[in-house]
Amino acid sequence: MTAMMKDDIQQLAINTIRTLSMDGVQKANSGHPGTPMALAPVAYTVWNRRLRYDPEHPWWPARDRFVLSCGHASMLLYSMLHLAGIKKVEHGRTLDEPSISLEDIRNFRQLGSPCAGHPEYGEAAGIEMTTGPLGQGVATSVGMAMAGQWFAARYNQPGFDLFGYDVYALCSDGDLMEGIGCEAASVAGHLKLSNLCWIYDDNGITIEGRTDLAFSEDVAARFRGLGWNVVTVEDANDVAALDAALASFRACHDQPTLMVVRSVIGYGSPNKAGSHDVHGAPLGDAELRLTKRAYGWPEDQQFLVPDGVREHFAECLGARGRQLHADWSAKFALYEATHPQLAADLKRIWARELPDGWDRDIPVFPADAKGLASRVSSGQVLNAVAKNLPWLIGGSADLAPSNNTLLKVENAGHFSAQDRGGRNLHFGVREHSMAATCNGLALSGLRPYGGTFFVFTDYMRPSMRLSAMMHQSVLYVLTHDSIGLGEDGPTHQPVEHLAACRGIPGLMVFRPGDANEVAESYRKILATADRPAALVLTRQNLPTLDRSQCGAAAGVARGGYVLQDAPGGRPDVILIGTGSELSLCVEAREKLAAEGLQARVVSLPCWELFDEQDEAYRDSVLPPKVTARVAVEAGIRQGWDRYIGSGGRFVGMTGFGASGPFQQLYERFGITAARVADEAKAALGKGSCPQVQRG
């Protein structure tokens, strides 16, 4: 140790990051050691020299954000969090113990350790988001940067610059190869997000081998064309050059910055450096010893943190962050006295709470046989809520007129390079990055929504899945929900998408059956702070049901409820519908009643919420003894058997749709009240159903 202690403390700190990462991967016999070995100087420079971050208050709202987009290099982040002394947070309280302990690192990739194979949001303070699927981190960082500028525009006041934080995202070749990365870079360049810095690890290696197997573009030229400030660091080990590049980022006020950093994957490994062999597998005992020798490290010691390393981080990052946080806290106390309403809003945002009376203007829609398309009633409810929820912010992927997602309330504005406080966002035709951007906004405390046609959730699913994993309250406004959109044809008519979205754990999927169910869906979605929701809406009009003759739409909050019952509450058959098919169930009930058969109509707009109700409630809606059941939904049957039984009847789609007026399509595919009534009679053994056209 004597020789080592004579080393420059900076190099000692960098090599500690490297060796902790190597040892963690080696002990787990699994992981990606090469990137942490190469990028330790980058992480060191960002954190210890530049990051405005208080380790003792890791959720300080004005902190800089650091996103490890190349999540496979997770040990780099875990080692950094440990050495930087980030404190553990539980239930909003900061504890006097490390967020990532040395024992946690020893248990890398083991069950119960916060040091998972890829960083997972919520497992440890300092992990800003869940990463792993390449491209998601950089795309989400765009939302974080937008939120930072939005907070500054909306809440900074003369003499009170509370917000102005930067967002750093460390990314790999894979992040920039994925299409979502280019979409997000295009948005950031267009918006001139000067508080955003992507640090690109240009090491020329992927899992299969050298990147030139499939990747030969000029990344720097591409980003300049996208409107980015591009700086290059030729050697990832040159801390002075890295620091100068970061200074260049801070000095640029009209563009996001891409730092292209040339690195050698597995740096220091005598036999594997620069090879894909060190990308996704441990070094092996012999090579690990040789690499430690190259670093001047004791070959037989594991998880060593030399004296002075933690102190070095505490004297730089820790002292700087402590002072910045203290100054900010004092300023916020004065701000609260001077601008009490704005401060109260901020406190609610940070606590994930809604303002008092946020839902007071949600309309109640009168009965109307013609009714409204649920996309239209959604637009009305969205604006009614936005009036009283100032941090509701969002837009569509170039479809606001069709999705009815434009906010028309006073001072809503349009977020742009010229107006950072606008609440209307314009994502362009970029569904991938729209969904990821919404995650970044939500992780920053805002209540974001993103709109598109339901069929295009195919492009959004990776980000929707991460939103559910991270328990973020993102709202997806998804219109044109079925064959009911008509003439655009089968490419635009979603049939399997309800099943696909319902298959994402934690995502609430709402398919409201009339305008009042739309209103109640919003009430429930926005009151839920810890999970995302998909609101699936029609293009065609839906009758607004007469609630004096039907169950209250407030039943939406429980996921399902009895809309209309049989006399005495003793149905022969149960008809279950969602969305545009709910009114078909109501009509079929009348047809059956004329033949002396008694039906109960159940509205089941949100399966996830219904399944969370207690057994007594579920059985009160769907009595087990009533086994004759018909489900009606203009989608595929998948998932419905749990409500209707394997012998239940289903009226819906078995294939793709067709192009034509929606009324003709419903007739062609047999999704009609007459067909529902026939299926009900067949379920009761009182008839057989005619053959219908299959998709």
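Look a little higher up for the structure.
Now for a description of the structure that goes with this document. All residue numbers refer to position in the chain's written sequence, counted from 1. Local features in a predicted model are, by the rule used here, given only for residues with pLDDT of at least 70; side-chain atom pairs are given and counted only at 80 or more, and totals for whole chains, interfaces and linings are based on all residues. Heavy atoms throughout the structure, all of them, feed into the side-chain values; hydrogens and water do not.

Here we look at the overall build of the protein chain
Of regular secondary structure, the protein chain possesses 25 helices and 22 strands. Taken over the C-alpha trace, the protein chain has a radius of gyration of 28 Å; the compact-globule value for 695 residues is 26 Å, and the two agree within 12%. The dimensions of the protein chain, computed from C-alpha atoms along their principal axes, are 95 × 60 × 45 Å. Residues are treated as being in contact if the distance between any of their heavy atoms lies within 4.5 Å. Restricting the contact set of the protein chain to residue pairs at least 6 apart, pairs at least 24 apart contribute 75%. Exposure was quantified through the Shrake-Rupley algorithm and a 1.4 Å probe, taking into account, for residues, occlusion by the shown protein chains and nothing else. Taken as a whole, the protein chain presents about 25400 Å² of accessible surface, with 48% of it coming from carbon and sulfur. Note on conventions: DSSP H or I runs of at least 4 residues are helices, E runs of at least 2 residues are strands, and numbering of each starts at the N terminus. All radius of gyration figures rest on C-alpha atoms, and the globule criterion is 2.2 Å times the number of residues raised to 0.38.

Comments concerning the sheet that holds strand β20 (residues 599-603)
Strands sit in the order β18-β20-β19-β21-β22 across an open sheet of five strands; the sheet is mixed. Each edge of the open sheet is held by one strand with a lone partner, namely β18 (561-564) and β22 (649-651). Here the average twist between neighbouring strands, direction ignored, is 30°. Pairing geometry for strand β21 (residues 629-632) and β22, over three bridges, is parallel. If you follow Ala631 over to β22, its bridge partner there is Phe650. Here, a strand pair is defined by DSSP locating no fewer than two bridges between the strands. An axis is simply a line fitted to the C-alpha atoms; with a helix, the fit covers only the stretch in contact. Between two such axes, the angle follows the N-to-C directions and lies from 0 to 180 degrees.

A closer look at helix α8 (residues 179-191)
Take the number of residues in a helix, subtract one, and multiply by 1.5 Å to get its expected span. An ideal rise of 1.5 Å per residue puts 18 Å on 13 residues; α8 measures up with 19 Å between its terminal C-alpha atoms. Any residue under 20% of the maximum accessible area for its type is buried, any over 50% is exposed, and the rest in between are partly exposed; the area is computed with a 1.4 Å probe on protein chains only. In terms of residue burial, α8 counts as a mostly covered element, since 10 of its 13 residues are buried. Of all the residues in α8, the buried ones are Ile180, Gly181, Glu183, Ala184, Ala185, Ser186, Val187, Ala188, Gly189 and Leu191. Elements in contact with the buried residues of α8: α6 (136-155), α7 (173-177), β5 (196-202), α9 (219-225), α16 (431-443) and α17 (457-469). Lys192 lies just past α8 and shows a positive phi near 55°.

Let's talk about helix α14 (residues 374-386)
Between the first and last C-alpha of α14 there are 18 Å, a value that for 13 residues agrees with the 18 Å anticipated at 1.5 Å per step. Of all the 13 residues making up α14, 11 are buried; the element is thus mostly covered by neighbouring parts of the structure. Within α14, burial applies to Ser374, Arg375, Ser377, Ser378, Gly379, Val381, Leu382, Asn383, Ala384, Val385 and Ala386.

Let's talk about the sheet that holds strand β1 (residues 65-68)
What the five strands build is an open sheet, ordered β1-β4-β5-β9-β8; its pairing is parallel. Sheet topology places β1 and β8 (229-233) at the edges, where each strand pairs with a single neighbour. Neighbour-to-neighbour, the strand axes of the sheet open up by a mean angle of 20°, direction not taken into account. Sheet topology places β8 next to strand β9 (residues 257-262); five bridges connect them, and they run parallel. Each residue of the ladder has a partner; that of Val231, found in β9, is Met259.

Here's the deal with the nonpolar core
Throughout, nonpolar core names a set of buried Ala, Val, Leu, Ile, Met, Phe, Trp, Tyr and Cys residues whose side chains join them through atoms within 4.5 Å. Ranked by internal contacts, the top residues of the largest apolar core, which has 156 residues, are Phe151, Trp198, Trp228, Leu575 and Ile671. In this structure, Leu575 is in contact with Cys585, Ala588, Arg589, Leu592, Ala599, Arg600, Val601, Val602, Val630, Val676 and Ala680, ignoring residues within four places of it in sequence. Of all hydrophobic cores here, the second largest spans 67 residues; its members include Ala28, Leu39, Val233 and Val261.

Points about the side chain of Asn48
With respect to the helices and strands, the residue Asn48 is situated in helix α3 (residues 34-50). Look at Asn48 and you get buried, because its relative accessible area is 2%. The definition of a polar contact used here is a pair of N or O atoms within 3.5 Å, where within protein one atom must be able to donate a hydrogen and the other to accept one, and adjacent residues in sequence count solely through side-chain atom pairs. Within the structure, Asn48 has its side chain in polar contact with the backbone nitrogen of Leu317 (distance 3.3 Å). Sequence-distant contacts of Asn48, that is, excluding residues within four places in its chain, are made with His312, Phe313, Cys316, Leu317 and Arg320.

Section: the pairing of β8
The element β8 is extensively covered by neighbouring structure, given that four of its five residues are classed as buried. Note on handedness: a clockwise path from strand one over the helix to strand two, with the strands aimed away from the viewer, defines a right-handed crossover. In this fold, the crossover linking β8 to β9 by way of helix α10 (residues 239-251) has right-handed handedness.

Things to note about the packing of aromatic side chains
Each Phe, Tyr or Trp ring, with Trp reduced to its six-membered ring, pairs with another whose centre is within 6.5 Å; inter-plane angles below 30 degrees give stacked pairs, above 60 give edge-to-face pairs, and intermediate values give tilted ones. Per the counting criterion, the structure on display carries 27 aromatic pairs. Judged by centre distance (6.1 Å) and plane angle (15°), the rings of Phe453 and Phe456 are stacked. Comparing Phe453 with Phe456 shows no difference in burial state: the two are buried. Summarising the aromatic geometry, the rings of Trp607 and Tyr643 are spaced 5.1 Å apart at their centres and angled 70° between planes, so their arrangement reads as edge-to-face. With Trp607 in helix α21 (residues 607-612) and Tyr643 in helix α23 (residues 641-644), this pair connects stretches of sequence that are 36 residues apart. Its relative accessible area of 1% is what places Trp607 among the buried residues. Members of the aromatic cluster, joined through ring pairs, are Trp60, Phe160, Trp328, Phe332, Tyr335 and Trp350. In this structure, Arg65 packs its charged tip against the face of Tyr165, placed 4.1 Å from the ring centre. Two thresholds decide whether a charge sits over a ring: the Lys NZ or Arg CZ must be within 6 Å of the ring centre and within 35 degrees of the ring normal.

What to know about the pattern of salt bridges
Charged atoms that come close allow side chains of opposite charge to pair. The salt bridge definition used is simple: a Lys or Arg side-chain nitrogen within 4 Å of an Asp or Glu carboxyl oxygen. Tallied over the entire structure, the rule returns 34 salt bridges. Between Arg289 and Asp300 there is a salt bridge, with its nearest N and O atoms 2.4 Å apart. Taken as a pair, Arg289 in helix α11 (residues 285-295) and Asp300 in the loop between α11 and α12 (309-338) lie far apart in primary sequence, 11 residues in all. For Asp300, a relative accessible area of 56% translates into the label exposed. For Lys681, the salt bridge goes to Asp678, with nearest N and O atoms at 3.6 Å. Here Lys681 pairs with Asp678, and both are found in helix α25 (residues 673-683), just three residues apart, close to one helical turn.

Section: the environment of Leu258
Within the secondary structure, Leu258 is located in strand β9. Classification of Leu258 as buried rests on a relative accessible area of 0%. As for Leu258 and Val89, which are separated by 169 residues in sequence, their C-alpha atoms are 32 Å apart. Sequence-distant contacts of Leu258, that is, excluding residues within four places in its chain, are made with Trp198, Tyr200, Val219, Phe223, Trp228, Asn229, Val230 and Val231.

Quick notes on the state of the cysteines
Put simply, a disulfide is two cysteine sulfurs that come within 2.5 Å. A complete count under the given rule lists zero disulfides for this structure. Summary of cysteine pairing: Cys252 is not part of a disulfide, and the nearest cysteine sulfur, belonging to Cys197, is at 10 Å. We note that Cys501 lacks a disulfide partner, and the nearest cysteine sulfur, in Cys606, lies 12 Å from it. Since its relative accessible area comes to 3%, Cys501 is described here as buried.

Remarks on the packing of α3 against helix α4 (residues 74-84)
Orientation of α3 relative to α4, taken along the N-to-C sense of each, is 40°, at an axis distance of 10 Å. Of the possible angle classes, the one that applies to α3 and α4 is oblique. Crossing of α3 against α4: the hand is right-handed. Packed against α3, whose contacting residues are Pro36, Leu39, Ala40, Ala43, Tyr44 and Trp47, the element α4 presents Leu76, Leu77, Met80, Leu81 and Ala84 at the interface. Amino acids are sorted into nonpolar (Ala, Val, Leu, Ile, Met, Phe, Trp, Tyr, Cys and Pro), charged (Asp, Glu, Lys and Arg) and polar (every other residue, Gly among them). For the contact of α3 with α4, the residue count by class is 11 nonpolar, no polar and no charged. To sort the angles, those under 35 degrees are grouped as roughly parallel, those over 145 as roughly antiparallel, those from 65 to 115 as roughly perpendicular, and the leftovers as oblique. Note on convention: near helix rotated counterclockwise from far helix by under a right angle means a left-handed crossing. Clockwise means right-handed.

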